[in-house]
Amino acid sequence: MLHPALLDRLCKTYDGRKILDDISVSLAPGSINALLGPNGAGKTTLIGCLLGLLVPDSGAVRIWGENADKLSPETRCRIGFVPQTMTGLTWFRVQELKDYLSAFRNQPDGAEDRRWADWAALDPKARISTLSGGERQRLAIVLALRFSPDLIILDEPVASLDPMARHDFIALLSETVQRRETTALISSHIISDLERICDRFLVMKKGRLIGDLSAEVFAGEIRRLAIWPDTALGLEVLADLPDGSVWVRGWRPELDARNLPVLAGDMEAYFLALTR
Ligand SMILES: Nc1ncnc2c1ncn2[C@@H]1O[C@H](COP(=O)(O)OP(=O)(O)OP(=O)(O)O)[C@@H](O)[C@H]1O
């Protein structure tokens, strides 16, 4: 099976410092993947390598089997990318930029364009240099998603959106991905948003992939216990915290009846424990 995106033993250094350290991961077709990590963990660098914008020191990046740095025009057209900040081309007006970019694709605007344009609610005549940070982010999202890409890469897409825009964006993205079996990779620090829609969580720290977990495994097999139980019960410790609580993996339905001190814990709490 051709994976929409495959990273194999990816390494990248800057000035002798390891920024990506032996990262291997593949994105399954139709999956929504969260890319989490503290500031400087290497998320944007990983995305840059994935898009062929940065050259890794070693390792391979394949997009539907093609080398990321030599993608065919057809494959490029199947990718939508929302960068962390939208820069350049700010002398255009909103509609002018959309028309200009459409000309390269020779493709009419489709139903997706209408949906995302309605969400963004931008004045087509507004000059881009006069847009606020959040409005520019809306425009970057519209530009990336309006041609119904099969692979969507989003680097901090919601950082400057207001709560309503963020809420509606997450709902619309989820609907789009499900309707079209799109594959998505989303980097964001707003974990509660990602928890609503992602089916896999990749956690980076200091250039390494330290966590790779499906939403299903998180809900079924992972628990936070107030104290480590006397008997190990076949549980694996994933993280122990200064307050004595532990995150464990290997939870089974029969353990529910044991009255073990299970604490509430969402993905954000787990992320904090893992990256502490
Ligand atoms: N061109 C560069 N030259 C030198 N160091 C760089 C360069 N680009 C990134 N780095 C360093 O690589 C590390 C990872 O940066 P990256 O932008 O990938 O992190 P990130 O996980 O996306 O962080 P954030 O959450 O803050 O956006 C950082 O320490 C950064 O300073």
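If you're wondering where the values come from, they're calculated on a predicted model, not measured in any experiment.

Cut-offs applied
Residues numbered from 1 in each chain as written. Predicted model: local features only at pLDDT ≥ 70, side-chain atom pairs only at ≥ 80, totals over all residues. Near = placed C-beta within 6 Å. Nonpolar A, V, L, I, M, F, W, Y, C, P; charged D, E, K, R; others polar. Domains from an automatic or database assignment. Contact = placed C-beta atoms within 7 Å. Helix = DSSP H or I, 4+ residues; strand = E, 2+ residues; numbered from the N terminus. Axes fitted to C-alpha atoms, helices over the stretch in contact; angles between N-to-C directions. Parallel < 35°, antiparallel > 145°, perpendicular 65-115°, else oblique. Pairing = 2+ DSSP bridges. Core = buried A, V, L, I, M, F, W, Y, C linked by C-beta atoms within 7 Å. Buried ≥ 20, exposed ≤ 12 C-beta atoms within 10 Å, placed from the backbone.

Draft legend 1. The arrangement of the site of the ligand in detail. In the region of the ligand, the neighbouring residues are Tyr14, Asp15, Ile19, Gly37, Asn39, Gly40, Ala41, Gly42, Lys43, Thr44 and Thr45. Here the shell around the ligand is built from residues that sort into three nonpolar, six polar and two charged.

Draft legend 2. View of the domain arrangement of the protein chain. Segmenting the protein chain into domains produces domain 1 (5-206) and domain 2 (216-275). The interface is formed by eight residues belonging to domain 1 together with six residues belonging to domain 2. Within the residue set of the side of domain 1 that touches domain 2, elements represented by two or more residues are α7 (191-197) and β9 (200-205). A per-class count over the side of domain 1 that touches domain 2 returns five nonpolar, one polar and two charged.

Draft legend 3. Seen up close, the packing of helix α4 (residues 111-120) against helix α6 (residues 163-180). One way to put it is that α4 packs onto α6 with a least axis distance of 11 Å and a crossing angle of 170 degrees. Here α6 runs roughly antiparallel to α4, going by the angle between their axes. Contacts between α4 and α6 pair Glu112, Arg115 and Trp119 from the former with Asp168, Phe169, Leu172 and Thr176 from the latter. Each residue belonging to the contact of α4 with α6 can be placed in one class, and the counts come to three nonpolar, one polar and three charged.

Draft legend 4. Seen up close, the sheet that holds strand β12 (residues 236-240). Strand order in this open sheet of four strands is β12-β13-β11-β14, and the pairing throughout is antiparallel. Here the strands that pair on one side only, and so sit at the sheet edges, are β12 and β14 (262-263). In this sheet, strand β13 (residues 246-249) lies alongside β12 in antiparallel orientation, the contact comprising four bridges. Looking at β13, one finds that glutamate 236 is bridged to arginine 249.

Draft legend 5. Broad picture of the sheet that holds strand β10 (residues 208-214). Spatial strand order, β6-β7-β8-β3-β9-β10: six strands in an open sheet with mixed pairing. Edge positions in the open sheet fall to β6 (79-82) and β10, since each of these has one partner strand only. Across this sheet, the average inter-strand angle for adjacent strands is 15 degrees, counted without regard to direction. Bridge analysis of β6 against strand β7 (residues 151-155) gives four bridges, and the strand direction is parallel. Note on β7: the bridge partner recorded for phenylalanine 81 is isoleucine 153. Across the face of the sheet, helix α1 (residues 43-50) comes into contact with β3 (32-36), β7, β8 (183-187) and β9 while running at roughly 150 degrees to β7. Together, β6 and β7 form the strand contacts of helix α5 (residues 133-145), whose direction differs from that of β6 by roughly 175 degrees.

Draft legend 6. Representation of the nonpolar core within the structure. In this structure, Ala34, Leu50, Ile141, Ile153 and Leu202 are the most contacted members of the largest nonpolar core, which totals 61 residues. In terms of residue count, α5 provides more of this core than any other element does, seven residues in total. Split by domain, the residues of this core number at least three in each of domain 1 (5-206) and domain 2 (216-275). Excluding residues within four positions of it along the chain, leucine 50 makes contact with Ala5, Leu7, Val61, Ala68 and Ile153.

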